[in-house]
Amino acid sequence: MLGAALAALGGPAFARQAERPLRPEPAPAQASDRRVVAPTLQPERIVLNLTADPAHEMAVTWRTAPGLVGHVEYAQAEDGPDFVQKAVRVPALTDDATIAVREDPAFKAAYHSTVLKGLKPETVYAYRVGDGERWSEWLQFRTAATTAKPFTFLYMGDMQNNILSEASRTMRMAFRKAGDAAFVIHAGDLINRHDSDNEWGEWFAAGGFLYAQTPQMPTPGNHEYGRGPVLNPQWRRQYTLPETGPAGVEKLKETAWTVDYQGLRLISVDAPLFHGDEAMRAEMVRWLDGLLANNPNRWTALFLHFPLFSIDPDRDNARVRDALKPLIDKYGVDLVLQAHDHGYARGAIGTGAMTNAGPSHPSDKGSTYVVSVAGPKMYPVAPLSWATASASRTQTFQTLEVSPQAVTYRAFTATGRELDAFRLTKNAKGVARVETLARAAR
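Being a predicted model, the structure only gives us computed values, none of them experimental.

Q: In this structure, what is going on with the pattern of salt bridges? I would like to understand it.
A: Any two side chains of opposite charge can pair if their charged atoms end up close together. Counted under the stated rule, the structure contains 28 salt bridges. The closest approach of N and O atoms between Glu-44 and Arg-63, which form a salt bridge, is 2.6 Å. With Glu-44 in strand β1 (residues 44–49) and Arg-63 in strand β2 (residues 58–64), this residue pair connects regions lying 19 residues apart in the sequence. The same class applies to Glu-44 as to Arg-63, namely buried. As a salt-bridge pair, Asp-334 and Lys-426 come within 3.2 Å of each other at their nearest N and O atoms. Taken together, the positions of Asp-334 in the loop between α8 (318–331) and β17 (335–338) and Lys-426 in strand β23 (residues 418–426) put the pair 92 residues apart, joining distant regions of the chain. Accessibility classification places Asp-334 together with Lys-426 in one group, the buried group.

Rendered as structure tokens:
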């Protein structure tokens, strides 16, 4: 399945990747081999997403059995229970859909979504979702500030395989380390088989109520696409992501997007289309050039699935690197956060055209590139002359503490052990410097 999907995305380059020898590891368990679980009358798979205005809005999405309407009740949270009496009810948009999923060619579910608007900055809100009779529990979120104030976010690579049984521990440990995270970014391949409703069910179960209290901000990987490539039809139904991508380009809605959050410009690049669709690549390059040229934020993080500098010895995403690196260099993008290669590596890379091998030595200047994996599927990690830190067969999550003065990054293993850490600062001319930090004792 993987080979077919990759070949469909990118022709010969993907085909070569698909012909690699099988990995010396057990075949992952496939949730899609089980019978599909029908959606319930009770709201399920509740998830928050940021919008283009995170200080004044929050998007919420969930699903139920077909035939039900959707409502959200919300109020400014209080220390006691009296907020319930002040809650306002708003209707949700409902998509009563029939979708051909892997487990059922006529799968039915109602997907509900709304954007709560006119919220106060830096304020905790409580909300619940339902049909007017059956409701979720009351959940809470906090809106962003309107200025560049310190915050923390989480970054996860591929969860993809054995999502509930093994990848979930990485996600849950991340919230033990950074339970006050403003949001979580997922760098693609959230699941393994794009059309498996059971695998999506495992992804939602892995985070549970955490997804309903902390916005989840994914970018698609190749496993969210089927032949064509065609994006999994559940993607836009189960997320309500910012429509801030290239104007008028339907294929990139809610896959290429950007959000400004308290001094950080966060940009999602649709890597599968960037690699395999020349027209979409051109659209994204034009869009990125404008976003990066007119950027009032102190920090910029670009995240995508395919690494510009692959850490797997059998991979090379030359089209992605050749098109993106000139923009990263021209505008001094601070962080390039990636996945796909099922290992860990981090290093700063300077300007100029390069091959997949990258520079011949580690550096403390230039844009910082990271590759990570949250799930249990592992690939070999090549000898990397550019990497300040690397690890194989290691599940990780990353915390990024952002302030006007610095970005402090820490990578942790699934057991909570600190694996890598650095601090990113800039001088008066905006030139970034990376200082590797001593790892904290376990």
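On we go.
Q: How do you make sense of the nonpolar core when you look at a structure like this?
A: The nonpolar side chains of a soluble globular protein tend to be buried, and buried together. Among the nonpolar cores identified, the biggest contains 118 residues, and Tyr-127, Phe-183 and Trp-203 are the most heavily contacted of them. Counting the residues that make up this core, at least three belong to each of domain 1 (44–143) and domain 2 (151–436). Excluding its chain neighbours within four sequence positions, the residues that come into contact with Trp-203 are Met-159, Ile-163, His-186, Leu-190, Ile-191, Tyr-211, Gln-216 and Tyr-239. Of all hydrophobic cores here, the second largest spans six residues; its members include Ala-97, Ile-99, Phe-107 and Ala-109.

Q: Quick question: what am I supposed to make of the domain arrangement of the chain here?
A: Often the size quoted for an interface is simply the accessible area lost on bringing the parts together. Domain annotation for the chain reports domain 1 (44–143) and domain 2 (151–436). A C-alpha centroid distance of 26 Å is found between domain 1 and domain 2. Contact with domain 2 buries surface across domain 1, with Arg-45, Leu-50 and Arg-102 losing the most and accounting together for 28% of the total. With a shortest N-O distance of 3.0 Å, Asp-195 and Arg-102 are connected by a salt bridge. Taken together, domain 1 and domain 2 are joined by 15 residue pairs in polar contact (both at pLDDT 80 or more). Counted by class, the side of domain 1 that touches domain 2 contains 18 nonpolar, five polar and six charged residues.

Q: I would appreciate a short explanation of the environment of Thr-355 in the present structure.
A: Residue placement: Thr-355 occurs in the loop between β18 (344–349) and β19 (367–371). Each C-alpha atom of the pair Thr-355 and Ala-318 lies 7.8 Å from the other, and the pair is 37 residues apart in sequence. If we ignore the near neighbours within four places in the chain, the residues touching Thr-355 are Phe-309 and Arg-321.

What counts and what doesn't
- Residues numbered from 1 in each chain as written.
- Predicted model: local features only at pLDDT ≥ 70, side-chain atom pairs only at ≥ 80, totals over all residues.
- Heavy atoms only, no water.
- Salt bridge = Lys/Arg side-chain N within 4 Å of Asp/Glu carboxyl O.
- Helix = DSSP H or I, 4+ residues; strand = E, 2+ residues; numbered from the N terminus.
- Buried < 20%, exposed > 50% of the residue type's maximum accessible area, 1.4 Å probe, protein only.
- Core = buried A, V, L, I, M, F, W, Y, C linked by side-chain atoms within 4.5 Å.
- Domains from an automatic or database assignment.
- Contact = heavy atoms within 4.5 Å.
- Buried area = accessible area lost by both parts, 1.4 Å probe.
- Polar contact = N/O pair within 3.5 Å; in protein donor to acceptor, adjacent residues only side chain to side chain.
- Nonpolar A, V, L, I, M, F, W, Y, C, P; charged D, E, K, R; others polar.

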